[in-house]
Amino acid sequence: QVQLVESGGGLVQAGGSLRLSCASSTSIDSITVTDWFRQILGREREFVARLHSDSRADYANSVKGRFTISRDSAQSTLYLQMNSLTPEDTAVYYCRALYRGVAYWGQGSQVTVSS
């Protein structure tokens with residue numbers, strides 16, 4: 001079983017930056033896929049970014065060039081660096097880990113971008 005604890009959300013002005021963290025109870029290098037999703041109020045949860053075990057990264061078109069997914073193996077932590085934020089990025093952000101065929105989710109972090 002994997003426990004994921006998120007931190008780093010908050011309120012930021014448009015154009016600003018935030019970094020989300022997702023600490024894993026299991027070595028992050030042993031996890032097949034780690035992702036970030038977000039859920040905007042009234043909408044379904046949507047994919048944001050994915051980091052594969054071989055370090056390949058995928059991004060949603062809406063965040064490509066602005067967000068960066070990364071991991072720190074020593075800290076077993078996944079990160080999402082978010083730059084050039086816009087009000088359209090306001091959402092609850094969730095990290096997810098696929099481990100031995102099971103998906104585990106973080107508790108969610110609210111990110112609010114003011115105009």
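Relevant structure appears above.
Bear in mind that the values here come from a model prediction, so they are computed numbers and not experimental data. (Residues numbered from 1 in each chain as written. Predicted model: local features only at pLDDT ≥ 70, side-chain atom pairs only at ≥ 80, totals over all residues. Heavy atoms only, no water.)

Draft legend 1. Representation of the state of the cysteines. This structure, assessed with the given rule, holds one disulfide. Between Cys 22 and Cys 95 runs a disulfide, and the two sulfur atoms are separated by 2.1 Å. When the S-S torsion is 65°, as for the bridge of Cys 22 with Cys 95, the disulfide is right-handed. On the criterion of sequence distance, the pair formed by Cys 22 in strand β3 (residues 18–24) and Cys 95 in strand β9 (residues 91–99) is long-range, its members being 73 residues apart. For Cys 22, a relative accessible area of 2% puts it in the buried group. With a relative accessible area of 0%, Cys 95 lands in the buried category. (Disulfide = S-S within 2.5 Å. Helix = DSSP H or I, 4+ residues; strand = E, 2+ residues; numbered from the N terminus. Buried < 20%, exposed > 50% of the residue type's maximum accessible area, 1.4 Å probe, protein only.)

Draft legend 2. A look at the side chain of Asp 35. Tracing the sequence through the fold places Asp 35 in strand β4 (residues 33–39). A distance of 2.4 Å separates a polar atom in the side chain of Asp 35 from a polar atom in the side chain of Arg 50. Within the structure, Asp 35 has its side chain in polar contact with the side chain of Arg 96 (distance 2.7 Å). Other than its neighbours up to four places away in sequence, Asp 35 contacts Phe 47, Ala 49, Arg 50, Leu 78, Tyr 94, Cys 95 and Arg 96. (Polar contact = N/O pair within 3.5 Å; in protein donor to acceptor, adjacent residues only side chain to side chain. Contact = heavy atoms within 4.5 Å.)

Draft legend 3. Region of the structure containing the pairing of strand β1 (residues 4–7). The side-chain alternation of β1 yields one buried face, formed by Leu 4 and Glu 6, and one unburied face, formed by Val 5 and Ser 7. Sheet topology places β1 next to β3; four bridges connect them, and they run antiparallel. Opposite Leu 4, over in β3, you have Ser 24 as the bridge partner. (Pairing = 2+ DSSP bridges.)

Draft legend 4. Broad picture of the environment of Glu 44. When you line up the elements, Glu 44 lands in the loop between β4 and β5 (46–52). For Glu 44 and Ala 60, which are 16 residues apart along the polypeptide, the C-alpha to C-alpha distance reads 15 Å. Ignoring sequence-local partners within four residues, the contact set of Glu 44 consists of Arg 38 and Gln 39.

Draft legend 5. The arrangement of the environment of Ala 60 in detail. Assignment of secondary structure puts Ala 60 in the loop between β6 (57–59) and β7 (67–72). You can call Ala 60 buried: its relative accessible area is 15%. As for Ala 60 and Val 5, which are separated by 55 residues in sequence, their C-alpha atoms are 23 Å apart. Excluding residues within four positions of it along the chain, Ala 60 makes contact with Phe 47 and Val 48.

Draft legend 6. Just the packing of aromatic side chains, in detail. Summed over all chains, the structure comprises three aromatic pairs. For the ring pair Phe 37 and Phe 47, a centre distance of 5.9 Å and an interplane angle of 75° mean the geometry is edge-to-face. Here Phe 37 is found in strand β4, whereas its partner Phe 47 is found in strand β5, with ten residues between them in sequence. Note on Phe 37: relative accessible area 11%, which makes it buried. Relative to Trp 105, the ring of Tyr 94 has its centre 6.4 Å away and its plane inclined at 85°; by these criteria the two rings are edge-to-face. (Phe/Tyr/Trp six-rings, centres within 6.5 Å; stacked < 30°, edge-to-face > 60°.)

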